[in-house]
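Here's the letter readout for the chains.
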Amino acid sequence: MVVGVVAGVVVAAILVLVGLFKMMWRVAEPNEALIISGSKHKTEGLEEGMGFRIVTGRGTLVLPGVQAVRKLSLDLNETELHVDCVTHQGIPLKVRGVVIFKVGDDFVSIANAGRRFLDQQKMMSERVHNVFAGHLRSIVGGLTVEDMIRDREKLTGQTRAACGTEMEKLGLIVDSLQIHEIEDPTGYIQNLAAPHASAVQRDARIAQAESNRLATEAEQQSFARMAEATRDSEILQAGYQAQRDKAAAQARQAGPLADAAARQEVVVQETRVAELEAHRREQQLQADVRKPADAKAYEKRTLAEAERDARISAAQAKAKETELAAAAEATRVKTAASAEAEATKARGAAAATATKATGEAEAAAAQAKGLADAEATKAKGLAEAEAIKARAAALAENQEAVVAQQLAENWPEIVKAGASAFGSVDNMVVLNGADGMADMLAKALTMGGTGLGLARQLLASMNQNGQTPNGTSPSLNGITAPPSQKVPVEKEG
């Protein structure tokens, strides 16, 4: 009896211990972490005195009523991204994507996530969506539509890098970020792709047209072969039909032909004797006349055929030679035309170059000539100005000497001008003899003195007025002789 009681007590104690152990023992599943709070714990990587303990992948004892155990899921989560963005070009876009994330496996990440999402694990997706939406708008605002289309990996990488720090603070890690679709409500992407689509459509139409052409050519060739086969078949059928018609006609004529053959046999027998006689005479004629004539005819025919064959061969050789000569001439003409075209092209290029060089040289020469003429004109004007200035100075110092020198230099012209009055006189009668001649010579000489006096009066007048009568500077080249005095002359008879 006592043993039974002791055994019952032991069994009851064991059951109580097992029940207490089951109540105190907690096991963390592979996809969850146990957050045990209620006592001070120090975990590697965490600050001292955080007030909770983290258990993953194993079991642990928990004191009921003293410690609290809560579970944090380590499963994958995903959130759909539906973000309205504006690019660097000011074009509104709608970016569609998905973010696959989870709580990090290390204790730091589990602690960060536990402090933030332990009682709000269902709100984790919404929080992650907000984080990624803000960074995605910021990154898209610095990109162009072309960059986003051509390099989505760049957009994904920049977004993950921008969100990495914040996700780490939240205790989350991003397993995957995918940009599924970029919607363009303004049609910019469609217009951007229009030239490429047009080029692809053009190439497709060209390829289709080429394929249709090849198919049409193949069909035409097939139809031609079918027509050729049909023609050959009809020709063979017509030949077979002709043979059948011939056989039928021969069959229909068999009876009449037999009667004719019988009659022919009679005629043949009747004529055989005549033929034998004629044959004998023919043999005699052949031996006497025909054989020699046939020999001569054969000789002539053989010579004629040989001559004909020789003429045909010569004509063929001539035709072949003419054909070869024509081909050679055509090749020569083609080559000469090509060479002439190349030479004409080269001459044109050389003439253009020479014309350009000649024009440049002529322009340079004309420019140099113009400069030289200008310099010469300038020098001549300066020299004339210096000469006029020198004459004016000399005239101011010694007027009479300058006038006398000028008259002396131009005296022959002055005398010649005075004597020109007598140039048209053939015979001149001088009155009073030698006195008249002396008087005439004296008048001619007086013209010089008179000119000198007039020059002096002109100079005196210019000195008084300070200028020439026409308002210009005085010049010795303007001195003129007085009008010639007429000499009374008388022409003889």
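The structure presented is a predicted model; accordingly, all values stated were derived computationally and were not measured. (Residues numbered from 1 in each chain as written. Predicted model: local features only at pLDDT ≥ 70, side-chain atom pairs only at ≥ 80, totals over all residues. Heavy atoms only, no water.)

K.L.:
How do you make sense of the overall build of the protein chain when you look at a structure like this?
P.N.:
The helix and strand tally for the protein chain stands at ten helices and eight strands. A burial count over the protein chain gives 19% of its 493 residues as buried. For the protein chain, the computed accessible surface area is about 34700 Å², with 58% contributed by carbon and sulfur atoms. (Helix = DSSP H or I, 4+ residues; strand = E, 2+ residues; numbered from the N terminus. Buried < 20%, exposed > 50% of the residue type's maximum accessible area, 1.4 Å probe, protein only. Areas by Shrake-Rupley, 256 points an atom, 1.4 Å probe, with all protein chains shown as cover.)

K.L.:
Would you mind showing me how to read the sheet that holds strand 8 (residues 172-183) here?
P.N.:
The strands making up a sheet are joined through hydrogen bonds of the backbone, oriented either antiparallel or parallel. The strand order across the open sheet formed by three strands is 6-7-8, and the pairing between neighbours is antiparallel. Edge positions in the open sheet fall to strand 6 (77-86) and strand 8, since each of these has one partner strand only. Averaged over all pairs of adjacent strands, the angle between their axes in this sheet comes to 25 degrees, without regard to strand direction. In terms of strand pairing, strand 7 (residues 92-103) meets strand 8 through ten bridges, oriented antiparallel. (Pairing = 2+ DSSP bridges. Axes fitted to C-alpha atoms, helices over the stretch in contact; angles between N-to-C directions.)

K.L.:
How do you make sense of the side chain of R96 when you look at a structure like this?
P.N.:
Tracing the sequence through the fold places R96 in strand 7. Within the structure, R96 has its side chain in polar contact with the side chain of H82 (distance 3.2 Å). (Polar contact = N/O pair within 3.5 Å; in protein donor to acceptor, adjacent residues only side chain to side chain.)

K.L.:
Could you clarify how one ought to interpret the pairing of strand 7 in this entry?
P.N.:
Looking down a regular strand, the side chains alternate between one sheet face and the other. Within strand 7, nine of the twelve residues are buried, which leaves the element mostly enclosed by the surrounding structure. For strand 6 and strand 7, the ladder comprises ten bridges, and the chain directions are antiparallel. Among the inter-strand pairings, V86 is bridged to a residue of strand 7, identified as P92. Between the end of strand 6 and the start of strand 7, which pair antiparallel, lie five residues, with G90 showing a positive phi angle near 80 degrees.

K.L.:
What should I look at first to understand the pattern of salt bridges in this one?
P.N.:
Side-chain pairs of opposite charge can arise where the charged atoms are in close proximity. Evaluation of the coordinates by the stated rule reveals 15 salt bridges. Across the pair R311 and E307 runs a salt bridge, and its minimum N-O distance is 3.1 Å. Here R311 and its partner E307 are both found in helix 7 (residues 254-397), four residues apart, which amounts to about one turn of the helix. Residue E340 pairs with R347 through a salt bridge whose shortest N-O separation is 2.9 Å. For R347, a relative accessible area of 46% corresponds to the partly exposed category. (Salt bridge = Lys/Arg side-chain N within 4 Å of Asp/Glu carboxyl O.)

K.L.:
Help me understand helix 3 (residues 124-141) in this model?
P.N.:
Because an α-helix packs 3.6 residues into every turn, residues spaced three or four apart end up facing the same way. Over its 18 residues, helix 3 runs 26 Å from end to end, which matches the ideal 26 Å to within 8%, given 1.5 Å per residue. Every buried residue of helix 3 is listed here: M124, V128, H129, V131, F132, A133, H135, L136, I139 and V140. (Expected span 1.5 Å × (residues − 1).)

K.L.:
How should I be thinking about the environment of Q158 in this particular structure?
P.N.:
Structurally, the position occupied by Q158 is in helix 5 (residues 152-169). Residue class for Q158 comes out partly exposed when judged on its relative accessible area of 31%. Taking C-alpha positions, Q158 is 9.0 Å from H135, a pair spaced 23 residues apart along the chain. For Q158, the residues in contact, after removing those within four places along its chain, are I139 and L143. (Contact = heavy atoms within 4.5 Å.)

K.L.:
Explain the sheet that holds strand 2 (residues 32-37) here, please?
P.N.:
Read across the sheet, three strands follow the order 3-2-5 without closing on themselves; strand pairing throughout is antiparallel. Because the sheet does not close on itself, it has two edges, and the strands there are strand 3 (52-56) and strand 5 (68-73). In this sheet, neighbouring strand axes are inclined to one another by 25 degrees on average, regardless of whether the strands run parallel or antiparallel. Sheet topology places strand 2 next to strand 5; six bridges connect them, and they run antiparallel. Looking at the pairing, E32 lines up with S73 of strand 5. The strands touched by helix 2 (residues 107-117) are strand 2, strand 3 and strand 5; relative to strand 3, the strand with the most contacts, the crossing angle is about 120 degrees.

K.L.:
It is not clear to me how the packing of helix 3 against helix 5 should be interpreted in this structure. Could you clarify?
P.N.:
The angle between the axes and the distance between the axes are what describe a pair of packed helices. Remark: helix 3 packs on helix 5, axes separated minimally by 9 Å, with the N-to-C direction vectors making an angle of 135 degrees. In this view, helix 3 runs oblique relative to helix 5, as classed from their interaxial angle. Crossing of helix 3 over helix 5 shows right-handed handedness. Side by side, helix 3 and helix 5 meet where V128, V131, F132, H135, L136, I139 and V140 of the first sit next to L155, Q158, T159, A162, C163, E166 and M167 of the second. Along the lines of polarity and charge, the residues of the contact of helix 3 with helix 5 split into ten nonpolar, three polar and one charged. (Parallel < 35°, antiparallel > 145°, perpendicular 65-115°, else oblique. Left-handed = near helix turned anticlockwise from the far one by under 90°. Nonpolar A, V, L, I, M, F, W, Y, C, P; charged D, E, K, R; others polar.)

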